[in-house]
Amino acid sequence: MSNNHVAEMEVGEFGKNKNKKHEQRKEKWVKNYSSNHQTLLVREGDLSFSLSLARSFGSASNILAYSLDSYDVLIKKYKEAKSNLQNLEKMGAYLLHGVNATRMKFHTDLRMRKFDRIVFNFPHAGFYGKEDNALLIKMHKDLVNGFFRHASCMLRANGEIHVNHKTTAPFCDWNIQELASHNSLALVECVDFKKDDYPGYKNKRGDGSKCDKAFPLGECSTFKFILSRTTENLPGRTHLTSSVTGRCQRFQETPIQMQQFSTSTCFSYPQEGHSSNMEHISGCALLPLTTNPINQLHLWFDGHLNHPTEMFGRGNYNLSSSLDTYGLHSVPGRTLNGDIYVLRELGHMMQFRRWLYSNAQVPRYQ
């Protein structure tokens, strides 16, 4: 066999592999959710909804799901939780436990994150009496209000917050649309929720002696919210929000001396007990691209981390040294999926930052 023929075979196999990878990365949709969305699933019960999406997408690499319960409590409450967690981990999901929905943006692994979709399935404060009890309704509303307060700070541009909720009395008395408006959120769509659209999803009571039992759904809907300041851009909502545009203008009016500070703190991964500079990624994205070495991150991301899962997805790879090299920090106990998630999010930030400069005409100061 000639060398040329061998080379042709190798090129052919490479082409097949390349096409196969392209097919694997092809966007897939399940109702309101895309495999390309960075998706946060809030207070998941037995994680069956997360697993349903992951199986439909063929991957969970863009899914971050958390439970209110600790891992030990979770696997005791739900008989299928352990296997669901194992399957999600194998598919690349980033999983957290013991997270409070009303304080989630302060969590070490969430405070720097932004998401395209944030989903809360059937929020419920617990079974402390009849559902029409005024005190219990207030508890439910406090939970949803606290969730909205934090979720509204965790959205990407054009991101949406979805709440699946019963629409009959007394659940309609929660007035979740009003709660959303108190947190700068606007309802853009309300569609019927159908459990059958998510194969394998099992809604759970989540509390009491019947925690692993299903509850009757009845009439329920998916309420979709966006940041209210973006409503002027409907239906496409592809332009910069008014608040971002305002920050661009204020940035141009800021003295150059103030504009030229180092942005290294902006990309330091926050540690427990310290305040975060990443509460608003869009604000950090407006900082100038100075010549400080930390701001050469965009070159590193372009060259190596457009697809961090493919680059570092080996189970025995330790990313700590790579993170430290660029002024970031690997949190003890965080899994490989977690480190990759951080790198992917930072890569997105750098792209968004460059996009702002090219589209909003924000000057670069040297």
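Residues numbered from 1 in each chain as written. Predicted model: local features only at pLDDT ≥ 70, side-chain atom pairs only at ≥ 80, totals over all residues. Heavy atoms only, no water.

In the nomenclature of an unreviewed UniProt entry, the protein corresponds to 25S rRNA (uridine-N(3))-methyltransferase BMT5-like domain-containing protein from the organism Morella rubra.

(A) Spotlight on helix H2 (residues 48–57). The element H2 is largely enclosed, with a buried count of eight among its ten residues. Within the span of H2, buried status applies to Ser48, Phe49, Ser50, Leu51, Ser52, Leu53, Ala54 and Phe57. As for H2, its buried residues are in contact with strand E1 (29–30), strand E2 (33–34), strand E3 (39–42), strand E4 (63–66), helix H4 (81–90) and strand E6 (115–121). Once H2 ends, the next one or two residues include Gly58, with phi positive near 85°. (Buried < 20%, exposed > 50% of the residue type's maximum accessible area, 1.4 Å probe, protein only. Helix = DSSP H or I, 4+ residues; strand = E, 2+ residues; numbered from the N terminus. Contact = heavy atoms within 4.5 Å.)

(B) View of helix H5 (residues 134–151). The terminal C-alpha atoms of H5 lie 25 Å apart, and with 18 residues this matches the ideal 26 Å at 1.5 Å per residue to within 8%. Residues of H5 that are buried: Leu136, Ile137, His140, Leu143, Val144, Asn145, Gly146, Phe147, Phe148, His150 and Ala151. Packing partners of the buried residues in H5 comprise E3, E6, strand E7 (155–166), helix H6 (176–181), strand E8 (185–192) and strand E9 (220–227). The N-cap residue of H5 is Asn133: its side-chain oxygen and the backbone nitrogen of Leu135 are 2.8 Å apart. (Expected span 1.5 Å × (residues − 1). Polar contact = N/O pair within 3.5 Å; in protein donor to acceptor, adjacent residues only side chain to side chain.)

(C) Local environment of the side chain of Asn32. Along the chain, the position of Asn32 falls in the loop between E1 and E2. Asn32 sits in the buried class, given a relative accessible area of 12%. Looking at Asn32, its side chain comes within polar contact range of the side chain of Lys224, at 2.7 Å. Once residues lying within four places of it in the same chain are set aside, the contact partners of Asn32 are His37, Arg117, His162, Val191, Tyr198, Thr222 and Lys224.

(D) Spatial organisation of the packing of aromatic side chains. Under the defined criterion, the tally for this structure stands at twelve aromatic pairs. Aromatic pair Phe122 and Phe193: ring centres 5.4 Å apart, planes at 85°, arrangement edge-to-face. Of this pair, Phe122 sits in the loop between E6 and H5 while Phe193 sits in the loop between E8 and E9, and the two are 71 residues apart along the sequence. Overall, the relative accessible area of 10% leaves Phe122 in the buried class. Summarising the aromatic geometry, the rings of Phe193 and Tyr201 are spaced 6.4 Å apart at their centres and angled 90° between planes, so their arrangement reads as edge-to-face. The pair Phe193 / Tyr201 is uniform in exposure class, with both members buried. (Phe/Tyr/Trp six-rings, centres within 6.5 Å; stacked < 30°, edge-to-face > 60°.)

(E) Examining the sheet that holds E8 more closely. Pairing is mixed across the open sheet formed by seven strands, whose spatial order is E5-E4-E3-E6-E7-E9-E8. With partners counted over all chains shown, the strands left at the sheet margins are strand E5 (94–96) and E8, one partner each. Shown here is a sheet whose adjacent strand axes are inclined to one another by a mean of 20°, direction ignored. Bridge count for E3 against E4 is three bridges, and the pairing is parallel. Across the sheet, the residue bridging to Thr39 is Ile63, located in E4. (Pairing = 2+ DSSP bridges. Axes fitted to C-alpha atoms, helices over the stretch in contact; angles between N-to-C directions.)

(F) Here's a closer look at the pattern of salt bridges. Under the counting rule described, the total for this entry stands at eight salt bridges. Between Asp116 and Arg156 there is a salt bridge whose closest N-O contact spans 3.4 Å. Separated by 40 residues along the polypeptide, Asp116 in strand E6 and Arg156 in strand E7 bring together distant segments of the chain. We note that Asp116, like Arg156, is buried. The residue Arg117 makes a salt bridge to Glu160 at a minimum N-O spacing of 3.7 Å. (Salt bridge = Lys/Arg side-chain N within 4 Å of Asp/Glu carboxyl O.)

(G) Looking closely at the environment of Arg149. Here Arg149 lies in helix H5. Residue Arg149 is classed as partly exposed on the basis of its relative accessible area, which comes to 41%. Distance from Arg149 to His182, taken between C-alpha atoms, is 8.5 Å for residues 33 residues apart in sequence.

(H) Expanded view of a nonpolar patch on the surface. Side chains of Tyr128, Leu135 and Met139 sit close together on the surface and give an oily, nonpolar patch of about 330 Å² of accessible area. By relative accessible area, which is 58% here, Leu135 ends up exposed. (Patch = residues over 30% accessible without salt bridge, like charges linked within 9 Å, V, L, I, M, F, W, Y side chains within 5 Å. Areas by Shrake-Rupley, 256 points an atom, 1.4 Å probe, with all protein chains shown as cover.)

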